Structure formats: structure tokens, C-alpha cells
Amino acid sequence: MTPRQQRVRRIIAILKRTHPDAKLALDFSNPLELLVALILAAQCRDDLVNEVTGELFQRYRTAKDWTKLCEEDVRRINFYRNKTRSIRGSATQLVEQFRGQVPDNLDDLLSLPGVGRKTGNAILANAFAQPAIVVDTHVWRLSQRLGLTKKDEQDEIEADLLRIVPEKSWTRFCHLLQFHGRRVCTARKPNCPACSINKLCPKAGVE
């Protein structure tokens, strides 16, 4: 085991105690709802997405329903026109190619409009319980700050993290970094004195 792998395990153990409630911030009850929520959540606050989908999920229930999504129903979300097109396109493809079901493998997920590696991995991890590294803005920023990667591209960061994070902890690790990034190590001003892992961070005390 490399020193970096040992440090990751210590980081995970401490953050589990710091953020025992860490989980995906989006509300969903099935893979289709998660797909929609993730498309809407791009560059948008999770709490706003949850407010909007709370109503949407009552009206749109099947992939065929989502092919007819009205722009007006998601108008509160930024880039709502593009996101409406992506949701309609994904839903149409689900109906035509996947019998209306969200696929449970990355290659098929990546074929859907509006789905990149981050969204595809998030679906696998959270809807299908398949371990996956989801490189969102918090994972991207904190993995660099913690010295776990020197890369700047999402797929390269993902590859680095896959090598040092235990597979059984891939999904949990990302949730922990997401919560830590929102609550303590914020982009605007990291709260290093209150950080439970500051002794394991090479940039402790640096804003």
C-alpha cells in the first residue's frame, strides 16, 4: 500500500465521523427520477432542483411521459431550454432502445443526451449500487487540494482516484468530499481551523 493510499484511508475514516449523514443531495426514488434530477442539477443548486422535481415526479412517471416534458415546468432551473431538450432526448432514447428503462452500464448511459461520465457514474453509484467515482466540482477541488491528484480534467482525476481509493469506498468517498466541500472546505474560504482532516492536508491554512 502506497503512502497516498494510506492517507486516503485515514481521510475516509475521519470524514465518516465528521459527516455521518453524507449522501447524494438530490431526491429520487428510481433510476429514471435520478437521471432527470442529475440533468437538471448541472450548474444548479441541489435544493432548487429538489423543489422543482418534488412536483415534476408526481406528473411525469414513465420515460414516455418525460418525452413530453414542458419547458414551463422547469423554467425555474437555469438553462431550462437545453435541459428540457436533453431530458426529452434521453427519454425518447430510453423508450426506443431500452424499453423505457434506464440502463445499468456506463456505455449505454453515455449514449443518452445530456449524460456525461459524472452523471453516468452518479446513476450507477446511487441508483444501481455500483461503486463509482463521481467527479463533481467538490470532488474535483478537494482531491486537488488534498494532494490526491495533480490533474485538472475530470476523467483524469477519476482515473487517479480509482487507483488510490478502495473500491468499496468509491461512492462513499465522493459523498464525503461533497459534504466536506459544502460545510467546511468551501471554495470561497476554506475553514482550516475547523477542518477534521487539516493534519492530512498539504494546503492546510492556505486560502
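Placed above this text is the structure.
Residues numbered from 1 in each chain as written. Predicted model: local features only at pLDDT ≥ 70, side-chain atom pairs only at ≥ 80, totals over all residues. Heavy atoms only, no water.

Undergrad: Please give an account of the overall build of the protein that cites residues and values.
TA: In terms of helices and strands, the protein carries 10 helices and zero strands. Mapped in sequence order, the helices and strands of the protein form the string α-α-α-α-α-α-α-α-α-α. Relative to the 2.2 N^0.38 estimate, which gives 17 Å for 207 residues, the radius of gyration of the protein is 18 Å and therefore close to what a compact globule would have. Along the first, second and third principal axes, the C-alpha atoms of the protein reach 50 × 30 × 30 Å. Out of the 207 residues belonging to the protein, those deemed buried represent 49%. When the accessible surface of the protein is totalled, it reaches about 10900 Å², and 48% of it is carbon and sulfur. The centroid of the 34 positive side-chain charges in the protein is displaced by 7 Å from the centroid of its 24 negative side-chain charges. (Helix = DSSP H or I, 4+ residues; strand = E, 2+ residues; numbered from the N terminus. Rg over C-alpha atoms; globule rule 2.2 N^0.38 Å. Buried < 20%, exposed > 50% of the residue type's maximum accessible area, 1.4 Å probe, protein only. Areas by Shrake-Rupley, 256 points an atom, 1.4 Å probe, with all protein chains shown as cover. Lys, Arg positive; Asp, Glu negative; His and termini not counted. Charge placed at Lys NZ, Arg CZ, Asp CG, Glu CD.)

Undergrad: Account for the pattern of salt bridges, with residues named and values stated.
TA: As enumerated under the stated definition, the model contains 10 salt bridges in all. One salt bridge in this structure joins Arg182 and Asp46, with 3.1 Å as the shortest N-O distance. Taken together, the residues Arg182 in helix H10 (residues 170–183) and Asp46 in helix H3 (residues 46–59) connect sequence positions 136 residues apart. On the basis of relative accessible area, Arg182 is assigned to the partly exposed category, the value being 36%. (Salt bridge = Lys/Arg side-chain N within 4 Å of Asp/Glu carboxyl O.)

Undergrad: Account for H3, naming residues and giving values.
TA: Counted at 1.5 Å a residue, the expected span for H3 with its 14 residues is 20 Å, and the 20 Å between its end C-alpha atoms agrees. At Thr53, H3 is deflected by roughly 30 degrees, the largest bend along its length. Buried within H3 we find Leu48, Val49, Asn50, Val52, Thr53, Leu56 and Phe57. (Expected span 1.5 Å × (residues − 1). Bend = angle between axes of the 7 residues up to and from the residue.)

Undergrad: Give me unusual backbone geometry: which residues, what numbers.
TA: We note that Gln43 has phi near 55 degrees; this positive angle belongs to a residue other than glycine. Tracing the chain through its elements places Gln43 in the loop between helix H2 (31–41) and H3. The exposure class of Gln43 is exposed, given its relative accessible area of 66%. Here Phe79, not a glycine, exhibits a phi torsion of approximately 55 degrees, which is positive.

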